[in-house]
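# Remarks on the overall topology
Single-letter residue listing:
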Amino acid sequence: MESYPALDAPVNTDVVVLGGGITGALLAWHLIEAGIGCVVLDKRDVAYGSTSASTAMLQYEIDTPLTELSQMLGEDHAARAYLLCLQAILDIEKLSEKLDADVGFQKKSSLYYASRAQDVKLLRAEYDLRKKHGIELELWDEQDLAARFPFQKKAALYSPVAAEVDPYRLCHALLKEAEQKGAHIFDRTEALSWDMDHFGVTVRTNRNVEVRAKKIIFASGYEAQSILKQKVVNLRNSYALVSEPVKTFEGWHEQALVWETARPYHYARTTQDGRIMIGGEDETFRTLPIRERRIPFKQARLETKFRALFPEIPLETAYSWAGTFGETRDGLAYIGDHPDFPQAYFALGYGGNGITYSILAAQMIRDVLLKGSHPDWDIFRFDR
């Protein structure tokens, strides 16, 4: 993978992006493709933070069901959010085909099963509403599931459009290509302050070097909460493991992405090199030392959960880890401008749809910079 220098001399650009993870990389690629000059700054190594911890299940389904989201936002905005996430998966596929590197993109199907018998009614309502808005999916009953999977559940939603990707490789491929086309990438460079006026923004770094730009984009994930007066996100710890290679995925229909109606939920997918990836066991963030100490306990719980679903598939954990992510009230990202930051945009892909939100943010902010507006700007605004 590429390494990038620290910024050691002043630079002028159109847009400065704070954050060199998958969101910043998608922004850099889309901006430079559109002819908008950009500089990316990351205080760590690029792709090192939440990106390297992501399990990268690409689904159009938001953590908040469409039926529930419709009550929060209104049906039109809620359905539009789902449709945008659906299109985002297709756009990531097209983007992965354009890149020179193999980023591990693979089409998948998705299974969303009822964790409890009482959730069946909720799934039926969810099915009806998604179908109403043109989303392709199937409602499977207990017999449908028994014919395809070894576990017994009362119902599930089967979606043919889902995918997986390697977020670390994707991030590096995007940044490398963006740099080749004129973007400037600097890691181990922390933005300590930014001054905004009618003409633009001046960012001062930990090396006492300035970046002057017309606009600044905050793509720093949950860390952006520290600069916002309003609380927009609750921090959560999440846990995951990946197995040693498996010879057979007995009873795992289409090796579909699998997740459930319970909250917090568990999920599982396979990888291109024949491994199993399982995640979940989310809990309120406390401190990093506590989070790290709980990994063995959480690993054991994830292993137990998987073996209950797929008892015939041997599971040997190769590596387990924890990450921190942000969870919003409605499960949607925050994308757009903020009254306290007159020359800034935010691209905060909170929730379980981080990568799909990230490409939406890159596309929407690019269009606003080029055209002055985007038809879906209101859906992800801060004051929704």
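Residues numbered from 1 in each chain as written. Predicted model: local features only at pLDDT ≥ 70, side-chain atom pairs only at ≥ 80, totals over all residues. Heavy atoms only, no water.

### Re the overall build of the protein chain
Here is the rule we go by: Strands here are runs of E lasting at least two residues and helices are runs of H or I lasting at least four, both read from the DSSP assignment and numbered beginning at the N terminus. Exposed residues in this analysis have more than 50% of their type's maximum accessible area, buried residues have under 20%, and partly exposed residues fall in between, with area computed by a 1.4 Å probe over protein chains only. What makes two residues a contact is simply this: any of their non-hydrogen atoms within 4.5 Å. Per-residue and other accessible areas were derived by the Shrake-Rupley procedure at a 1.4 Å probe size, with only the shown protein chains allowed to occlude residues. Positive: Lys, Arg. Negative: Asp, Glu. His and the chain ends are not part of the count. By convention, charge coordinates are those of NZ in Lys, CZ in Arg, CG in Asp, or CD in Glu.
Of the regular secondary structure elements, the protein chain holds ten helices and 17 strands. Each principal axis of the C-alpha distribution contributes one length, and for the protein chain these read about 65 × 45 × 40 Å. Within the protein chain, the proportion of its 384 residues that are buried is 56%. Across the protein chain, the fraction of contacts at a sequence separation of at least 24, relative to all contacts at a separation of at least 6, is 74%. As presented, the protein chain carries roughly 16,700 Å² of accessible surface, and 47% of it is formed by carbon and sulfur atoms. The average position of the 45 basic charges and that of the 54 acidic charges among the side chains of the protein chain differ by 3 Å.

### Some details on the packing of aromatic side chains
Aromatic rings in a pair are described by how distant their centres are and how their planes are angled relative to each other. In plain terms, the rule: The rule is short: rings of Phe, Tyr and Trp, with Trp giving its six-membered ring, pair when the centres are within 6.5 Å, and they are stacked under 30 degrees, edge-to-face over 60, tilted in between. Whether a charge lies above a ring is judged from NZ of Lys or CZ of Arg, which has to be within 6 Å of the ring centre and within 35 degrees of the ring normal.
Summed over the entire model, instances satisfying the criterion amount to 22 aromatic pairs. Seen from their ring centres, W252 and F306 are 5.8 Å apart, and the 45° between their planes marks the pair as tilted. Of this pair, W252 sits in the loop between β11 (234-243) and β12 (257-260) while F306 sits in helix α9 (residues 295-309), and the two are 54 residues apart along the sequence. For the residue pair W252 and F306, the accessibility class agrees, reading buried in each case. With 5.8 Å between their ring centres and 85° between their planes, Y345 and W377 make a pair best called edge-to-face. You can see Y345 sitting in strand β17 (residues 341-348) and its partner W377 sitting in the segment after α10 (354-371), a full 32 residues away along the chain. Cluster of aromatic residues (ring-pair linked, three or more members): Y113, F149, F151, F249, W252, F306 and F310. When the ring centre of W140 is taken as origin, the NZ or CZ atom of R148, which lies over that ring, is 4.2 Å away. It is R384 that lies over the ring of Y334; its NZ or CZ is 4.1 Å from the centre.

### Some details on the environment of G37
Along the chain, G37 falls in the loop between α1 (22-33) and β2 (38-42). Remark: the alpha-carbon pair of G37 and A56, spanning 19 residues in sequence, is separated by 28 Å. Look past the residues within four positions of G37 in its chain and what remains in contact with it is T13, D14, V15 and I32.

### Digging into the pairing of β12
To be explicit about the condition: One bridge is not enough; two strands pair if DSSP finds at least two bridges between them.
Residue alternation in β12 divides its side chains into two sets, L257 and W259 and V258 and E260, and both sets are buried. As paired strands, strand β4 (residues 106-113) and β12 are joined by four bridges and run parallel to one another. Within the sheet, the bridge partner assigned to Y113 lies in β12 and is E260. Note: β12 against strand β13 (residues 267-270), two bridges, orientation antiparallel. Across the sheet, W259 pairs through a bridge with Y267, a residue of β13.

### Quick look at the nonpolar core
Note the following rule: Buried Ala, Val, Leu, Ile, Met, Phe, Trp, Tyr and Cys residues form a nonpolar core when they are joined through side-chain atoms within 4.5 Å.
With 79 residues, the main nonpolar core has L174, I217, L360 and F380 as its most contacted residues. Per-element accounting of this core gives the leading share, ten residues, to helix α4 (residues 75-98). Once residues within four sequence positions are removed from consideration, I217 is found in contact with V15, V16, V17, L18, L27, L31, Y345, A347 and I365. Ranked by size, the runner-up nonpolar core spans 26 residues in total, among them L7, F341, L348 and F382.

### Examining the packing of helix α3 (residues 66-73) against helix α5 (residues 120-132)
Threshold: Orientation is described by lines fitted to C-alpha atoms, with helices fitted over the stretch in contact, and by angles between N-to-C directions that extend from 0 to 180 degrees. To sort the angles, those under 35 degrees are grouped as roughly parallel, those over 145 as roughly antiparallel, those from 65 to 115 as roughly perpendicular, and the leftovers as oblique. Here the term charged refers only to Asp, Glu, Lys and Arg, the term nonpolar to Ala, Val, Leu, Ile, Met, Phe, Trp, Tyr, Cys and Pro, and the term polar to all other amino acids, Gly among them.
Two elements in contact, α3 and α5, have axes whose closest approach is 8 Å; the angle formed by their N-to-C orientations is 70°. By the angle between their axes, α3 is roughly perpendicular relative to α5. Counted together, L66, T67 and S70 of α3 and A125, E126, L129 and R130 of α5 form the full contact between these two elements. Grouping the constituent residues of the contact of α3 with α5 by class yields three nonpolar, two polar and two charged.

### Topic: unusual backbone geometry
Of note, the bond from R263 into P264 is cis; its omega dihedral lies within 30 degrees of zero at 0°. Examined against the element boundaries, P264 turns out to sit in the loop between β12 and β13. Its identity is not glycine, yet R188 carries a phi of approximately 50°, on the positive side. Here R188 shows up in the loop between β7 (184-187) and β8 (191-197). Of note in the backbone geometry, E254 takes a positive phi value of approximately 55° without being a glycine. Residue position: E254 is located in the loop between β11 and β12. Classification of E254 as partly exposed rests on a relative accessible area of 44%.

### Comments concerning the pattern of salt bridges
Note the following rule: What makes a salt bridge here is a side-chain nitrogen of Lys or Arg within 4 Å of a carboxyl oxygen of Asp or Glu, nothing more.
This structure, assessed with the given rule, holds 34 salt bridges. Residues E2 and K176 are paired through a salt bridge, measuring 3.9 Å at the closest nitrogen-oxygen approach. With a gap of 174 residues between them, E2 in the segment before β1 (11-18) and K176 in helix α7 (residues 167-180) connect regions that are remote in the sequence. Overall, the relative accessible area of 34% leaves E2 in the partly exposed class. A relative accessible area of 37% means that K176 is categorised as partly exposed. Where D383 meets R381, a salt bridge forms, and the shortest distance between an N and an O atom there is 2.8 Å.

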